[in-house]
Amino acid sequence: MEEQYSSSKNLKENQSNGEKDQPFPPQSRMTGYSEAQLQSISKQFQIYGEILRAEACKIGHINETYIATYGQGGIPVRYVHQKINKNVFKKPDEVMGNMMRVTNHIREHLEKESESEVTRKVITIIPTRDGQPFYRDPNGDFWRTFLFVENVKSYEAVESPGQAVEAGRGFGKFQKCLTGLEGDRLFETIPYFHHSRKRFEAFKRALEEDRYNRASQAKKEIDFAIKNEPIVDVLLNAFEAGEIPERITHNDTKFNNVLLDVNSGKAMCVVDLDTVMPGLALYDFGDMVRTTTSPTLEDEKDLSRVNMRMEMFEGLAKGYLGETGKVMTPGEIKYVAFSGKLMPLTIGLRFLTDFLSGDFYFRVHRPGHNLDRCRTQFKLVQSVIEQEDAMESVVQSIMKQLD
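Residues numbered from 1 in each chain as written. Predicted model: local features only at pLDDT ≥ 70, side-chain atom pairs only at ≥ 80, totals over all residues. Heavy atoms only, no water.

Within the chain, the regular secondary structure consists of eleven helices and twelve strands. Here the C-alpha radius of gyration of the chain, 21 Å, is about what a compact globule of 403 residues would show, namely 22 Å. Overall, the chain is about 60 × 55 × 45 Å in size when its C-alpha atoms are taken along their principal axes. By the burial criterion, 56% of the 403 residues in the chain qualify as buried. (Helix = DSSP H or I, 4+ residues; strand = E, 2+ residues; numbered from the N terminus. Rg over C-alpha atoms; globule rule 2.2 N^0.38 Å. Buried < 20%, exposed > 50% of the residue type's maximum accessible area, 1.4 Å probe, protein only.)

Quick look at the structure:
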């Protein structure tokens, strides 16, 4: 999903290292109708002062996003204005209902623990003039506003085991905090988002139809998927048996969804909360393994470079279990290492399904792009399978240290 915002102290340094240091690079000044529209939208929220400048954000492909700087008492203060994509999120009011409950609970928890800089550690949703978490414009579009988090960075790729520790710690603290959220079950903003069996069944349907005659190009990948079908039901069966519980989960635990302080490098704030909903904790950890442990991009064509790096896994597990280890059940601990192969298999199935179906879901930039993405995920699955015993030893060692 789309990152909601990030920032840094120096907006132009270290770009060659793959960091997203600019708030939403690249940016462009708005002109004409767009600027007039944003001026009108801004007046619907509890922001005092006038817009000094605003930029359209071109990073991300889900929501329409703007960064606006306001003059408040002689001090420039930045906010994020965002129009929710109704094609992806069919019920934006439910998305915002979840987000309000989650951020309010985390804020209360941080304040109860007397933590400092709370507005840098949890997203601050700015209410509308009538106290609502979103504004619905005359066109029926939903707009929301956040306070911009300053002096943090997000990275496209992890650069050290220390950063992996912080990613695990950030998501682990987020999840642990939400174990105390009371009240009704959160809405499922995208039903069955990580349901591995449904993803496998969709793959089988696409294979049977083969509407674009592409199955012959993906024989190796198809055989790999079928061979590893038993993996897809393991967590679902454990959940049905009561071995692992349903929790509130983030569901998009990419490394760049944890903002790190520019000075200390410590995890500050978890962002991109559109998919926070009921789920399995192991989906979140498995997706961290999928997106953080390999040194390559998601569409790497040189598969010899795709590898689950044990030092990065150990960092993730150390940070994550350091926060959640004492609240997770024995069943959840049992499947921590396993989750590292389930999630790349599940995402790989989605890429393979889209390839067989004509590339209708994921945006592609070259012929066979989704097949390349699938191959990268399946290679990572194989790398995890080859190291799973060592990964399990790491988990057990960490848990012993927590006792």
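Residues with a pLDDT of 70 or more make up 91% of the chain, whose mean pLDDT is 89. Considering only residues more than four positions removed or in separate chains, one finds that residues 1-29, a stretch of pLDDT under 50, has 113 contacts. (pLDDT = per-residue confidence, 0-100. Contact = heavy atoms within 4.5 Å.)

For helix α7 (residues 281-292), which comprises twelve residues, the first-to-last C-alpha distance of 17 Å matches the rise-based estimate of 16 Å (1.5 Å per residue) to within 8%. Among the twelve residues that make up α7, eleven are buried, leaving the element largely enclosed by the rest of the structure. (Expected span 1.5 Å × (residues − 1).)

A full pass over the atoms with the stated rule returns zero disulfides. For Cys-269, which is in no disulfide, the shortest distance to another cysteine sulfur is to Cys-177 and amounts to 12 Å. What makes Cys-269 buried here is its relative accessible area of 2%. (Disulfide = S-S within 2.5 Å.)

With three bridges joining them, strand β10 (residues 258-261) and strand β11 (residues 267-270) adopt antiparallel strand pairing. Each residue of the ladder has a partner; that of Leu-259, found in β11, is Cys-269. Between the antiparallel neighbours β10 and β11 lie five residues, among them Gly-265 with a positive phi of about 75°. (Pairing = 2+ DSSP bridges.)

Right, let's talk about the packing of aromatic side chains for a bit. What the rule picks out here adds up to eleven aromatic pairs. Judged by centre distance (6.2 Å) and plane angle (20°), the ring pair of Tyr-66 and Trp-143 falls under stacked. In this pair, Tyr-66 is assigned in strand β4 (residues 64-72) and Trp-143 in strand β7 (residues 142-147), connecting sequence segments 77 residues apart. Side by side, Tyr-66 and Trp-143 carry an identical accessibility label, which is buried. An aromatic cluster of three or more residues is present, and its members are Phe-285, Phe-313 and Tyr-320. (Phe/Tyr/Trp six-rings, centres within 6.5 Å; stacked < 30°, edge-to-face > 60°.)

The N-to-C vectors of helix α5 (residues 219-227) and helix α10 (residues 336-356) enclose an angle of 140°; their axes lie 11 Å apart at closest approach. Judged by the angle between their axes, α5 and α10 are oblique. Regarding α5 and α10, the two cross each other, and that crossing is left-handed. Between α5 and α10, the residues in contact are Glu-221, Ile-222, Phe-224 and Ala-225 and Leu-345, Leu-349 and Leu-352, respectively. (Axes fitted to C-alpha atoms, helices over the stretch in contact; angles between N-to-C directions. Parallel < 35°, antiparallel > 145°, perpendicular 65-115°, else oblique. Left-handed = near helix turned anticlockwise from the far one by under 90°.)

Time to look at the environment of Tyr-283. Relative to the assigned elements, Tyr-283 resides in helix α7. With a relative accessible area of 8%, Tyr-283 lands in the buried category. When the C-alpha positions of Tyr-283 and Leu-342 are compared, they lie 8.3 Å apart, and in sequence the two are 59 residues distant. Beyond its immediate stretch of four places on either side in the chain, Tyr-283 contacts His-194, His-195, Leu-235, Leu-236, Leu-342 and Met-343.

Glancing now at the side chain of Asn-257. Structurally, the position occupied by Asn-257 is in the loop between β9 (247-249) and β10. Accessibility expressed as a relative area gives 0% for Asn-257, which makes it buried. A distance of 2.8 Å separates a polar atom in the side chain of Asn-257 from the backbone oxygen of Asp-252. (Polar contact = N/O pair within 3.5 Å; in protein donor to acceptor, adjacent residues only side chain to side chain.)

Before going further, it helps to spend a moment on the environment of Lys-90. Along the polypeptide, Lys-90 turns up in the loop between β5 (75-83) and α2 (92-112). A residue is classified by how much of its surface remains accessible, and Lys-90, at 62% relative accessible area, is exposed. Along the chain, Lys-90 and Ile-190 lie 100 residues apart, while their C-alpha atoms are 8.4 Å from each other.

Okay, the pattern of salt bridges next. Per the counting criterion, the structure on display carries 32 salt bridges. Where Arg-120 meets Asp-261, a salt bridge forms, and the shortest distance between an N and an O atom there is 2.9 Å. Highlighted residues: Arg-120 in the loop between α2 and β6 (135-136) and Asp-261 in strand β10, separated in sequence by 141 residues. A salt bridge links Glu-188 to Arg-185; the nearest nitrogen and oxygen atoms lie 3.3 Å apart. Given a relative accessible area of 47%, Arg-185 falls into the partly exposed group. One network of salt bridges, with partners in common, ties together Arg-197, Glu-201, Lys-204, Glu-229 and Asp-233. (Salt bridge = Lys/Arg side-chain N within 4 Å of Asp/Glu carboxyl O.)

Here the focus is the nonpolar core. With 102 residues, the main nonpolar core has Leu-235, Phe-285, Phe-313, Leu-321 and Leu-352 as its most contacted residues. Looking at this core, the element that brings in the most residues is α10, giving twelve residues. Non-local contacts of Phe-313, meaning those with residues more than four positions away in its chain, are made with Phe-285, Val-289, Thr-293, Met-308, Ala-337, Met-391, Val-394 and Val-395. (Core = buried A, V, L, I, M, F, W, Y, C linked by side-chain atoms within 4.5 Å.)

Let's shift gears to the pairing of strand β8 (residues 152-155). Covered by surrounding structure in β8 are Val-152 and Ser-154 together with Lys-153 and Tyr-155, the residues of both alternating faces. By the bridge criterion, two bridges tie β8 to β10 in an arrangement that is antiparallel. Considered in β10, the bridge of Lys-153 is made with Leu-260.

Further remarks concern the packing of helix α3 (residues 161-177) against helix α8 (residues 310-324). The relative placement of two packed helices is expressed as an angle between their axes plus a distance between the axes. Two numbers describe how α3 lies on α8: the axes approach to 7 Å, and their chain directions differ by 30°. Here α3 is positioned roughly parallel relative to α8, judged by the angle of their axes. For the crossing formed where α3 meets α8, the hand is right-handed. Where α3 approaches α8, its residues Pro-161, Ala-164, Val-165, Ala-167, Gly-168, Arg-169, Gly-172, Lys-173, Gln-175 and Lys-176 are matched on the opposing element by Glu-311, Met-312, Gly-315, Leu-316, Lys-318, Gly-319, Tyr-320, Glu-323 and Thr-324. For the contact of α3 with α8, the per-class residue count stands at seven nonpolar, six polar and six charged. (Nonpolar A, V, L, I, M, F, W, Y, C, P; charged D, E, K, R; others polar.)

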